[in-house]
Amino acid sequence: MEEKKNLMTYAGLQKLEDELHELKVVRRKAVAEKIKEAREQGDISENAEYDAAMDEQRDIEARIEEIGKLLKNAEVVVDDDIDSGKINVGCTVRLYDEEFEEEVEYSIVGSSEADSLHGKISNESPVGKALIGHSVGDEISVETQAGTVEYKILGIERTA
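Residues numbered from 1 in each chain as written. Predicted model: local features only at pLDDT ≥ 70, side-chain atom pairs only at ≥ 80, totals over all residues. Heavy atoms only, no water.

Q: An account of the nonpolar core is needed here, citing residue identities and associated values.
A: With 17 residues, the main nonpolar core has I87, V93, L95, I108, L131, Y151 and I153 as its most contacted residues. Secondary structure elements with two or more residues in this core: β3 (91–97), β4 (102–109), α3 (126–131), β6 (139–144) and β7 (147–158). Element by element, the count of residues in this core is highest for β7, at four residues. With sequence-adjacent residues up to four places away left out, I108 is seen in contact with I87, N88, V89, G90, C91, V93, I121, N123, G128, L131 and I132. With 14 residues, the next largest nonpolar core counts I35, I60, I64 and I67 among its residues. (Core = buried A, V, L, I, M, F, W, Y, C linked by side-chain atoms within 4.5 Å. Buried < 20%, exposed > 50% of the residue type's maximum accessible area, 1.4 Å probe, protein only. Helix = DSSP H or I, 4+ residues; strand = E, 2+ residues; numbered from the N terminus. Contact = heavy atoms within 4.5 Å.)

Following this line, the structure appears as structure tokens:
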């Protein structure tokens, strides 16, 4: 079975590559040192420091594997391939929320980059899906878990 492509921005790709480098070069070495020091203390069967270091090593290796899979299936959205007048992955969108009568701003990113606390929504989320392909001035209605939300698109910018 073919794994689905993981759409992401260039910034998201760079962030993952940087994290992978940090994990492989810095964190692996640091945890190996912790394990070595814990072993030198003698009996490891009741050594909390050794257990903690081994847990940390497992977490690091799991994250390295996870990032590897994300990068293997990564497809970076190239600005040149996108109609700049339409919303797509890599755009920051200014919207008018009809219900709350306020402006909101979202960056549309791939699912692995989504971070709602920082205004980054996935292209696979209900709002992200509804916005893709629309232009300034369009009004959209989105079915969310909280009910129907209505937005008017005020502006579209390419995210650097």
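Q: Quick rundown of the sheet that holds β4? Include the residues and the values.
A: Strand order in this open sheet of five strands is β5-β4-β3-β7-β6, and the pairing throughout is mixed. Every other strand in the sheet has two partners, leaving β5 (120–122) and β6 as the edge strands with one partner each. Pairwise comparison of adjacent strand axes, ignoring direction, gives a mean angle of 45 degrees for this sheet. Where β3 meets β7, seven bridges bridge the pair, whose relative direction is antiparallel. (Pairing = 2+ DSSP bridges. Axes fitted to C-alpha atoms, helices over the stretch in contact; angles between N-to-C directions.)

Q: Residues and numbers for helix α2 (residues 48–72), please.
A: For α2, spanning 25 residues, the distance from its first C-alpha to its last is 36 Å, which sits close to the expected 36 Å at 1.5 Å a residue. For α2, every residue scored as buried is listed here: Y50, A53, I60, I64, I67 and L70. Against the buried residues of α2 lie β1 (6–8), α1 (10–40) and β2 (74–76). (Expected span 1.5 Å × (residues − 1).)

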